[in-house]
Amino acid sequence: MSRGLPLLHRRRVLVFGAIGGVTCAAVAVGAAMAGQDGSGSSSDASTKAASTISCPDVTGSLPEIPAKAKAEVDRNLALLQTQIDEANKRLVSSAGEGGPNFVQNAILGPLADKRKSTLDRIAISIGRQAEKPQGLDALAECSLGGDAGAGQGGAGQGSDAGSGGAAEPPATAPGTAEPTDPGSGAEDGAGSDAGADTGTGQSISCPDVASKVGAVPAAAQAEVDRNITLLQTQIDEANKRLASSVGQGGPNFVQNAILGPLKDKRTSTIDRIRISISRQGATAPSGLDALAGCSLASG
């Protein structure tokens, strides 16, 4: 018995030690899993919080708006908000698409182009009646983060039912060209045909615009020529993008990241051609908007 008691005692110690070890291990694992869950939730939350588009406020940067320009300015302010809303919808619907630069190339870049055109129209509208505001182009760039549509607060920021791409109502000043395409100046007398082959066996082909414009008033010729040249520059830039993005994205990558944004740019440029002609009292050519869409061509 005297030898049995210590042996029994030792067994109890071993059993309790094993139980204690298992308990500690379970607590440690639970704590580690809780930590992982917490960090994951925090990461997911921050990702969701960052997955909206924030743009600089425009309304607060405008001077006093002349009464005669107010309706047109309000329309374009509403259009700025519509463009943000459309971009946020695109951001949600394209989750998981493309490579690391997809959001910049397919969403933020085209949004900046649209905003520059709209901001330009706001400046021109005010400039017709008062001193033209300067520096609005600096407000065109947007980024991820903040609340959806943030930065466009103020009066006149409604929701426009139209798309942020093609609904481009008012005019631009003579000699104003879209300041969004680097390398502008490539000459193209015909306007818009297929660009250079990208090395993939495909290139972007667009309908010819120059031949459909018709007679151009002498006073509008320079601006029309600039915008015809810009159409070709846009095609060249899109072909470079096509070549540099081979293998990126899913089946809709080219349409969403290249052809879609190109169509938006062409719609704005074609609209400026039409307005340039009509501003001189001539009949603006009809049906030019139908020439905005482009496609992939082989060879």
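(A) Inspection of the overall build of the chain at higher detail. Across its full length, the chain holds six helices and four strands. Secondary structure elements in the chain, listed N-terminal to C-terminal, are α-β-α-α-β-β-α-α-α-β. Across the 299 residues of the chain, 39% fall into the buried class. Looking at the chain as shown, the accessible area adds up to about 15,000 Å², and 56% of this sits on carbon and sulfur atoms.

(B) Spatial organisation of the state of the cysteines. Tallying each qualifying case throughout the model produces two disulfides. A disulfide bridge connects cysteine 55 with cysteine 142, and the sulfur atoms are separated by 2.0 Å. For the disulfide bridge between cysteine 55 and cysteine 142, the dihedral angle about the S-S bond is near 110 degrees, and by the sign convention the bridge is right-handed. Of this pair, cysteine 55 sits in the loop between strand E1 (53-54) and helix H2 (67-93) while cysteine 142 sits in the loop between helix H3 (102-129) and strand E2 (143-144), and the two are 87 residues apart along the sequence. Here the two residues cysteine 55 and cysteine 142 agree in accessibility, since each one is buried. The disulfide partner of cysteine 206 is cysteine 294, and the gap between their sulfur atoms is 2.0 Å. Since a negative S-S torsion denotes a left-handed disulfide, the cysteine 206-cysteine 294 link at about 110 degrees is right-handed.

(C) Up close: the packing of H2 against H3. In contact at an axis separation of 9 Å, H2 and H3 are set at 175 degrees when each is read in the N-to-C sense. Classified by the angle between their axes, H2 and H3 sit roughly antiparallel to one another. Of the residues belonging to the contact of H2 with H3, the class tally is 15 nonpolar, five polar and seven charged.

(D) Molecular detail of the side chain of asparagine 227. Structurally, the position occupied by asparagine 227 is in helix H5 (residues 221-244). Looking at asparagine 227, the relative accessible area reads 0%, which means it is buried. Polar side-chain contacts of asparagine 227 include one of 3.0 Å to the backbone oxygen of glutamate 223.

(E) Looking closely at the pattern of salt bridges. For the structure on display, the rule yields nine salt bridges. Between lysine 116 and glutamate 141 there is a salt bridge, with its nearest N and O atoms 3.9 Å apart. In this pair, lysine 116 is assigned in helix H3 and glutamate 141 in the loop between H3 and E2, connecting sequence segments 25 residues apart. According to the relative accessible area criterion, lysine 116 is buried, its value standing at 17%. For aspartate 271, the salt bridge is made with arginine 274, and the minimal N-O distance between the two is 2.4 Å. With aspartate 271 and arginine 274 both in helix H6 (residues 253-278), this residue pair falls three residues apart, about one helical turn.

(F) Layout of the packing of H5 against H6. One can describe the packing of H5 onto H6 by two numbers: an axis separation of 9 Å at closest approach and a directional angle of 175 degrees. In terms of axis orientation, H5 runs roughly antiparallel to H6. From H5, Glu223, Val224, Asn227, Ile228, Leu230, Leu231, Gln234, Ile235, Ala238, Arg241 and Leu242 reach across to H6, where they touch Phe253, Val254, Ile258, Leu262, Lys265, Arg266, Thr269, Ile270, Arg272, Ile273, Ser276 and Ile277. In terms of residue class, the contact of H5 with H6 is made up of 14 nonpolar, four polar and five charged.

About the thresholds
- Residues numbered from 1 in each chain as written.
- Predicted model: local features only at pLDDT ≥ 70, side-chain atom pairs only at ≥ 80, totals over all residues.
- Heavy atoms only, no water.
- Helix = DSSP H or I, 4+ residues; strand = E, 2+ residues; numbered from the N terminus.
- Buried < 20%, exposed > 50% of the residue type's maximum accessible area, 1.4 Å probe, protein only.
- Areas by Shrake-Rupley, 256 points an atom, 1.4 Å probe, with all protein chains shown as cover.
- Disulfide = S-S within 2.5 Å.
- Axes fitted to C-alpha atoms, helices over the stretch in contact; angles between N-to-C directions.
- Parallel < 35°, antiparallel > 145°, perpendicular 65-115°, else oblique.
- Nonpolar A, V, L, I, M, F, W, Y, C, P; charged D, E, K, R; others polar.
- Polar contact = N/O pair within 3.5 Å; in protein donor to acceptor, adjacent residues only side chain to side chain.
- Salt bridge = Lys/Arg side-chain N within 4 Å of Asp/Glu carboxyl O.
- Contact = heavy atoms within 4.5 Å.

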